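If you want the building blocks of each chain, they are given just below.
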Amino acid sequence: MFPSSPSSKAFRSLLMTLPHKVGSLKSSLDIFSKYSINLTKIESRPSKNKQVFDFVVDLDESVEKERLEKAIKELVDTNSCETIKFIGGNSEIPWFPRKITDIDNFTRKCLEAGGELTSDHPGFNDKEYRDRRKMISEIALNYKHGTPIPKINYTKAENQTWKIIYDKLTSVYPKYACQQYNYLFPLFQQNCGFLGDAIPQLQDVNDFLVDVTGFKLRPVSGLLSARDFLNGLAFRVFHSTQYIRHHSKPFYTPEPDVVHELIGHSIMLADPDFADFSQTIGLASLGASDEEIEKLVRIYWYCLEFGLVKEKNAEGKSELRAYGAGLLSSFGELEYSCTGVDKETGIKCEYRRFIPEEAAERSYPITCYQPMYYVVDGLELCKEQIRSYVNNQLSRPFNVKYNPYTSSVEVLDTNEKLVALSGTIQNNIELLRSTLKKLNTFDD
């Protein structure tokens with residue numbers, strides 16, 4: 001949030017977007033007053049959205065960073081601000097979560113949720129279905145980090161929809177899913193109830209993921225903004241819906257549902273390389289500009305949603321296999337992406353070698369099969385490519401470090417923090433050297 005040191009005299013101001021309601025500005029100013037933060041100027045700005053007000057407030061440059069951080073956190077926690085950005089030097093740094101509990105602030109910021117369906121949705125005219133989705137979404141809205149994920153008592157019809165999709169997809173995974181997916185799937189069957197007779201519970205899947213890669217599932221009522229969703233990945237948190245698509249079209253859904261989340265995403269999150277580059281994209285999104293968020297979303301789309309990997313089959317021949325969730329949860333596109341031809345239309349797709357810099361600039365369709373897929377030579381290599389991209393291509397004026405012990409991120413913005421980081425690296429090098437010595441002694 002603050003790329004410069006506390007003693008810096010750089011000009012500081014905040015761009016705040018407030019809800020369009022009586023007293024919203026006063027409540028925000030009261031929070032600043034509570035933390036003894038002096039404001040030198042308040043200026044309104046026109047907003048394209050008539051439901052909000054935009055204000056720029058200039059801060060006394062002597063304000064302490066710790067007090068300002070607390071004030072900003074309270075502004076977000078209490079929903080006094082829709083969004084808040086720090087403006088300093090030549091960049092605007094959007095607010096971002098520092099602790100995993102800060103993600104609770106995303107709960108009620110879904111773009112689409114529950115029973116609010118568009119007229120072209122398969123379940124739009126089904127009141128029972130809309131009410132059911134709304135009920136399940138309300139459960140997610142009330143969820144807080146650290147509490148057990150509520151169990152959903154899925155209906156017979158919902159479990160039947162799951163079974164239809166499950167049976168169809170599992171019949172083609174040996175042929176089209178990547179090696180990691182086919183290795184992990186039986187483990188989910190054994191540990192998470194990934195069977196055809198009933199929809200698995202998020203808590204069961206969450207417990208297994210925490211044990212193998214440290215990733216957590218968190219229920220969400222609908223689509224989050226790209227920034228909020230990616231920010232969650234920084235803390236190894238994946239937001240997952242719990243409602244299922246409409247039974248009338250089991251092989252189609254216009255938005256993510258529990259099938260897409262569980263069959264598509266959760267299994268690959270148990271792979272260390274996949275989990276690592278998911279978090280790498282998430283960490284890169286913290287405090288990133290809107291333009292850079294768009295680039296990260298494109299990389300996410302072409303890898304984590306629609307990525308293909310080149311693998312050797314039993315005969316030693318190269319084949320394309322899917323590791324992206326959008327493919328692994330779609331029978332039709334899974335086959336199309338791996339064979340290169342749509343059986344119904346004869347349309348052929350294009351393949352390109354994955355280059356993050358290219359993928360970050362390439363737009364994509366969302367209502368049809370992808371006309372082009374990026375292919376990686378391995379998930380470990382993909383992880384290194386993404387890591388190199390975020391370290392060298394993004395303009396964010398600071399780096400962040402994730403602390404797995406406290407589930408928090410630290411902005412590396414002072415020499416003292418770099419010294420502490422170098423000490424950690426040195427300790428790891430010493431551990432590596434000692435271990436190698438012991439292994440060599442044992443071999444001798």
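Treat the numbers as computed from the prediction; the structure is a model and nothing was measured.

Things to note about helix α13 (residues 331-339)
Move 1: Inspection of α13 places Glu333, Leu334, Glu335, Tyr336, Ser337 and Cys338 among the buried residues, and these make up the whole buried set.
Move 2: Elements in contact with the buried residues of α13: α5 (173-176), β10 (308-312), β11 (318-322), α12 (325-328), β12 (350-353) and β13 (372-376).
Move 3: Directly after α13, the chain includes Gly340, whose backbone phi takes a positive value near 90°.

Considering empty space enclosed by the protein
Move 1: According to the stated counting rule, one finds two cavities of 30 Å³ or more in the structure shown.
Move 2: Here the largest cavity is characterised by a volume of approximately 50 Å³.
Move 3: If you go around the largest cavity, the residues you meet are Ile103, Phe106, Thr107, Ala140, Arg218, Pro219, Val220, Ser221, Leu224 and His239.
Move 4: Grouping the constituent residues of the lining of the largest cavity by class yields six nonpolar, three polar and one charged.
Move 5: Looking at the second largest cavity, its volume works out to about 40 Å³.
Move 6: Forming the boundary of the second largest cavity are Arg353, Phe354, Val375, Val376, Asp377, Leu381 and Gln385.
Move 7: When contributions to the lining of the second largest cavity are tallied by element, the ones reaching two or more residues are β13 and α15 (379-392).
Move 8: Class assignment of the residues belonging to the lining of the second largest cavity gives a composition of four nonpolar, one polar and two charged.

Considerations on the side chain of Asn206
Move 1: Here Asn206 shows up in helix α7 (residues 202-212).
Move 2: Look past the residues within four positions of Asn206 in its chain and what remains in contact with it is Ile149, Phe215, Lys216 and Leu217.

A few points about the pairing of β10
Two faces, one strand: in a regular strand the side chains alternate between the faces of the sheet.
Move 1: Two elements, β10 and β11, share five bridges in a ladder whose sense is antiparallel. Bridging from a neighbouring strand, Lys310 pairs with Leu320 of β11.
Move 2: Between the end of β10 and the start of β11, which pair antiparallel, lie five residues, with Gly316 showing a positive phi angle near 85°.
Move 3: Bridge count between β10 and β13: two bridges; the pairing is parallel.

Quick look at the packing of aromatic side chains
Move 1: This structure, assessed with the given rule, holds 22 aromatic pairs.
Move 2: For the pair Phe188 and Phe194, a centre-to-centre distance of 5.3 Å together with 75° between the ring planes defines the contact as edge-to-face. When sorted by exposure, Phe188 lands in the same class as Phe194, which is buried.
Move 3: Through a chain of ring-to-ring contacts, the aromatic side chains of Trp162, Tyr166, Tyr173, Tyr181, Phe185, Phe188, Phe194 and Phe208 assemble into a single cluster.
Move 4: A cation over a ring is seen here: Arg130 above Phe124, with NZ or CZ 6.0 Å from the ring centre.
Move 5: Looking at Arg133, its charged tip hangs above the ring of Tyr243, at a distance of 3.9 Å from the centre.

Quick word on a nonpolar patch on the surface
Move 1: The grouping of Leu432, Leu436 and Leu439 at the surface amounts to a nonpolar patch, some 290 Å² of accessible area in total.
Move 2: Residue placement: Leu432 occurs in helix α16 (residues 415-443).
Move 3: Residue classification places Leu432 among the exposed positions, given a relative accessible area of 52%.

Considerations on the confidence of the model for the protein
Move 1: Averaged over every residue, the pLDDT of the protein is 87; the share at 70 or more is 92%.
Move 2: Segment residues 1-11 is flagged for pLDDT under 50; beyond a separation of four residues in sequence, or across chains, it makes 32 contacts in the model.

Things to note about the packing of helix α8 (residues 226-234) against helix α11 (residues 290-305)
Move 1: Running from N to C, α8 and α11 cross one another at 65°; their axes reach a closest spacing of 10 Å. Taken together, the axes of α8 and α11 are roughly perpendicular relative to one another. Relative to α11, α8 is oriented so that their crossing is left-handed. Touching Ala226, Arg227, Phe229, Leu230 and Leu233 of α8 are Asp290, Ile293, Leu296, Val297 and Tyr300, all from α11.
Move 2: Across the contact of α8 with α11, the residue classes break down as eight nonpolar, no polar and two charged.

A few points about the environment of Leu224
Move 1: Here Leu224 is to be found in the loop between β8 (222-223) and α8.
Move 2: Taking C-alpha positions, Leu224 is 9.1 Å from Arg108, a pair spaced 116 residues apart along the chain.

Points about the sheet that holds β13
Move 1: In spatial order, the strands read β11-β10-β13-β12; together these four strands make up an open sheet with mixed pairing. With one partner strand each, in any of the chains shown, β11 and β12 form the two edges of the open sheet. Across the sheet, the mean angle separating the axes of adjacent strands is 40° when strand polarity is ignored.

Focus: the environment of Val341
Move 1: Tracing the sequence through the fold places Val341 in the loop between α13 and β12.
Move 2: Aside from chain neighbours lying at most four places away, what touches Val341 is Tyr336, Gly346, Ile347 and Lys348.

Some remarks on the packing of helix α10 (residues 272-285) against α15
Move 1: It is at 9 Å that the axes of α10 and α15 come closest, and there the two elements cross at 15°. Classified by the angle between their axes, α10 and α15 sit roughly parallel to one another. Handedness of the crossing formed by α10 with α15: left-handed. Contacts between α10 and α15 pair Asp273, Asp276, Phe277, Thr280, Ile281 and Ala284 from the former with Leu379, Glu380, Cys382, Lys383, Ile386, Arg387 and Val390 from the latter.
Move 2: Partitioned by chemical class, the residues of the contact of α10 with α15 number seven nonpolar, one polar and five charged.

What to know about the environment of Asn191
Move 1: Relative to the assigned elements, Asn191 resides in helix α6 (residues 179-192).
Move 2: With 14 residues separating them along the chain, Asn191 and Val205 place their C-alpha atoms 7.9 Å apart.
Move 3: Engagement of the side chain of Asn191 in a polar contact is seen with the backbone oxygen of Leu187, the distance being 2.7 Å.

Some points on the side chain of Arg321
Move 1: Among the structural elements, Arg321 can be located in strand β11.
Move 2: In terms of polar contacts, Arg321 uses its side chain to reach the side chain of Glu319, at 3.2 Å.
Move 3: Residue contacts for Arg321: discarding those within four places in its chain leaves Pro174, Lys175, Tyr176, Ala177, Cys178, Asn182, Gly307, Leu308, Val309, Glu311 and Cys338.

Quick notes on the rules
Residues numbered from 1 in each chain as written. Predicted model: local features only at pLDDT ≥ 70, side-chain atom pairs only at ≥ 80, totals over all residues. Heavy atoms only, no water. Buried < 20%, exposed > 50% of the residue type's maximum accessible area, 1.4 Å probe, protein only. Helix = DSSP H or I, 4+ residues; strand = E, 2+ residues; numbered from the N terminus. Contact = heavy atoms within 4.5 Å. 1 Å grid on protein atoms, 1.4 Å probe; cavity = no way out; pocket = protein on both sides within 12 Å on 5 of 7 lines; lining within 4 Å. Points joined across faces, edges and corners; volume = space filled by probe spheres on them. Nonpolar A, V, L, I, M, F, W, Y, C, P; charged D, E, K, R; others polar. Pairing = 2+ DSSP bridges. Phe/Tyr/Trp six-rings, centres within 6.5 Å; stacked < 30°, edge-to-face > 60°. Lys NZ or Arg CZ within 6 Å of the ring centre and 35° of its normal. Patch = residues over 30% accessible without salt bridge, like charges linked within 9 Å, V, L, I, M, F, W, Y side chains within 5 Å. Areas by Shrake-Rupley, 256 points an atom, 1.4 Å probe, with all protein chains shown as cover. Salt bridge = Lys/Arg side-chain N within 4 Å of Asp/Glu carboxyl O. pLDDT = per-residue confidence, 0-100. Axes fitted to C-alpha atoms, helices over the stretch in contact; angles between N-to-C directions. Parallel < 35°, antiparallel > 145°, perpendicular 65-115°, else oblique. Left-handed = near helix turned anticlockwise from the far one by under 90°. Polar contact = N/O pair within 3.5 Å; in protein donor to acceptor, adjacent residues only side chain to side chain.

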